[in-house]
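Next come the chains, spelled out residue by residue.
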Amino acid sequence: MADPPTLKPLVAVGQVTSTPDKELNFAICAGLVREATHRGACLVFLPEGFDYIGSNTAQTLSLAEGLDGDLMGRYAELAKEYGVWLSLGGFHERGQDWPTTQRIYNCHVLLDPAGNIVAAYRKTHLCDVELEGRVTMKESSFTNPGTEIVAPISTPAGKVLLRARAIESQCYVVAAAQTGKNHEHRTSYGHALVVDPWGAVVAQCHEGTGLCYAEIDLNYLHRIRQEIPVHSHRRPDLYGTVAATGLAPVP
């Protein structure tokens with residue numbers, strides 16, 4: 001008798017409209033996590049600024065917390081309660097240098113189902129935009145750049161890393177998103193999505209707060225890497241590598 005088919009890991013990708021109201025934002029995100037786990041998702045992605053979007057620099061800095069603060073503690077309890085991985089990126093983090101710098105980090109946090117922080121990546125390339133007469137944003141004016149690249153973490157959906165990125169890296173790319181009017185000075189585009197290793201969009205959110213779902217087909221991913229072995233042609237002697245202790249090499 002043939003073995004029953006193995007279920008593919010299901011991921012849920014969140015789309016929210018964060019505001020300066022941290023309590024409201026948490027309530028909405030917690031509701032999405034509950035909904036996703038009831039659908040069987042093993043990993044839930046929430047977007048950059050899931051904690052809040054400040055209306056100005058002063059407010060953004062005043063609302064920030066450390067990773068050991070109340071808000072991250074509540075997300076850890078949420079992960080533990082529902083037994084789910086949470087990809088939280090990025091969190092407005094007050095680092096250990098906050099007292100001297102008065103600057104924050106844009107920190108992507110990965111929580112395991114026990115509520116442990118298993119990875120924290122601090123954004124190294126900050127976003128500065130100057131569109132004359134339209135948009136001015138200078139993240140570097142109040143945010144410290146991270147100082148290291150964090151190694152991949154093994155999860156039920158593979159290693160957590162848009163269409164071009166998916167193809168060149170031969171991986172699934174998951175992009176949670178902000179949508180709608182965050183405050184009087186900002187409106188976000190939305191269109192949270194999941195892209196497969198061939199660059200095909202396999203899931204995408206509609207307008208408004210919500211979730212989209214995608215199965216992560218690891219057999220399909222491995223087959224693509226075998227048929228077009230771009231990883232074997234990489235030149236780490238030229239640009240270095242980032243490796244995680246205990247993880248098997250990329251097939």
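These numbers come from a predicted model, not from an experiment.

Here is what the cut-offs are and how they apply
Residues numbered from 1 in each chain as written. Predicted model: local features only at pLDDT ≥ 70, side-chain atom pairs only at ≥ 80, totals over all residues. Heavy atoms only, no water. pLDDT = per-residue confidence, 0-100. Contact = heavy atoms within 4.5 Å. Core = buried A, V, L, I, M, F, W, Y, C linked by side-chain atoms within 4.5 Å. Buried < 20%, exposed > 50% of the residue type's maximum accessible area, 1.4 Å probe, protein only. Helix = DSSP H or I, 4+ residues; strand = E, 2+ residues; numbered from the N terminus. Expected span 1.5 Å × (residues − 1). Arc of directions from axis to C-beta. Phe/Tyr/Trp six-rings, centres within 6.5 Å; stacked < 30°, edge-to-face > 60°. Lys NZ or Arg CZ within 6 Å of the ring centre and 35° of its normal. Polar contact = N/O pair within 3.5 Å; in protein donor to acceptor, adjacent residues only side chain to side chain. 1 Å grid on protein atoms, 1.4 Å probe; cavity = no way out; pocket = protein on both sides within 12 Å on 5 of 7 lines; lining within 4 Å. Points joined across faces, edges and corners; volume = space filled by probe spheres on them. Pairing = 2+ DSSP bridges. Axes fitted to C-alpha atoms, helices over the stretch in contact; angles between N-to-C directions.

### A look at the confidence of the model for the chain
Of the residues in the chain, 88% have a pLDDT of 70 or more, and the chain-wide mean is 87. The low-confidence segment residues 244–251 (pLDDT under 50) makes eleven contacts with residues lying over four places distant or belonging to another chain.

### Let's talk about the nonpolar core
Ranked by internal contacts, the top residues of the largest apolar core, which has 29 residues, are Phe50, Met72, Tyr75, Leu86, Leu88, Val109 and Leu111. Counting only elements with at least two residues in this core, the list comes to strand 1 (10–16), helix 1 (22–38), strand 2 (43–46), helix 3 (70–82), strand 3 (85–93), strand 4 (105–111) and strand 15 (210–215). Top element by residues in this core is helix 1. It accounts for six residues. Non-local contacts of Leu111, meaning those with residues more than four positions away in its chain, are made with Met72, Tyr75, Ala76, Ala79, Val84, Trp85, Leu86, Leu88, Asn116 and Ile117. Judged by nonpolar contacts, the second largest core, of 20 residues, contains Val11, Leu43, Tyr172 and Cys212.

### A look at helix 3
Taking 1.5 Å of rise per residue, 13 residues should cover 18 Å, and helix 3 covers 19 Å from first to last C-alpha, within 8% of that figure. Buried within helix 3 we find Leu71, Met72, Tyr75, Ala76, Leu78 and Ala79. Buried residues of helix 3, viewed axially, fall in a sector of 155°; they line one side. Away from the buried face of helix 3 by more than 90 degrees, exposed residues Asp70, Glu77, Lys80 and Glu81 are located. Looking at the buried positions of helix 3, the neighbouring elements they touch are helix 1, strand 2, strand 3, strand 4 and strand 5 (117–122). One or two positions beyond helix 3, positive phi appears at Gly83, with a value near 60°.

### Comments concerning the packing of aromatic side chains
Summed over all chains, the structure comprises three aromatic pairs. Where Phe26 meets Tyr75, the ring centres are 5.0 Å apart and the plane angle is 85°; that geometry is what we call edge-to-face. Linking Phe26 in helix 1 with Tyr75 in helix 3, this pair joins segments that are 49 residues apart in sequence. Tyr75 matches Phe26 in its accessibility class, with the two residues each being buried. Ring-pair connections join several aromatic residues into one group, and the members of that group are Phe26, Phe50, Tyr75 and Phe91. Directly above the ring of Tyr213 sits Arg39, whose terminal nitrogen or CZ lies 4.0 Å from the centroid. A cation over an aromatic ring shows up here: Arg122 above the ring of Tyr105, its NZ or CZ 5.9 Å from the ring centre.

### Section: the side chain of Glu139
Locating Glu139 in the fold gives a position in the loop between strand 7 (135–138) and strand 8 (154–155). Assessed through its relative accessible area of 9%, Glu139 is described here as buried. There is a polar contact of 2.9 Å between the side chain of Glu139 and the side chain of Asn106. Once you skip the residues sitting within four places of it in the chain, Glu139 turns out to touch Glu48, Asn106, Lys123, Leu126, Cys127 and Asp128.

### Considerations on the layout of surface pockets
Unoccupied space between atoms shows up once a probe the size of one water molecule is rolled over them. Quantified by volume, the second largest pocket comes out at close to 160 Å³. Forming the boundary of the second largest pocket are ten residues, of which Thr6, Leu7, Lys8, Leu218 and Asn219 lie nearest the centre.

### Regarding the sheet that holds strand 14 (residues 201–204)
Read across the sheet, three strands follow the order 10-13-14 without closing on themselves; strand pairing throughout is antiparallel. Every interior strand has two partners, whereas the edge strands, strand 10 (173–175) and strand 14, have only one. On average, each strand axis in the sheet is tilted by 10° relative to the strand beside it, whichever way the strands run. As paired strands, strand 10 and strand 13 (residues 193–195) are joined by three bridges and run antiparallel to one another. When the bridges of strand 13 are listed, Val173 appears paired with Val195.

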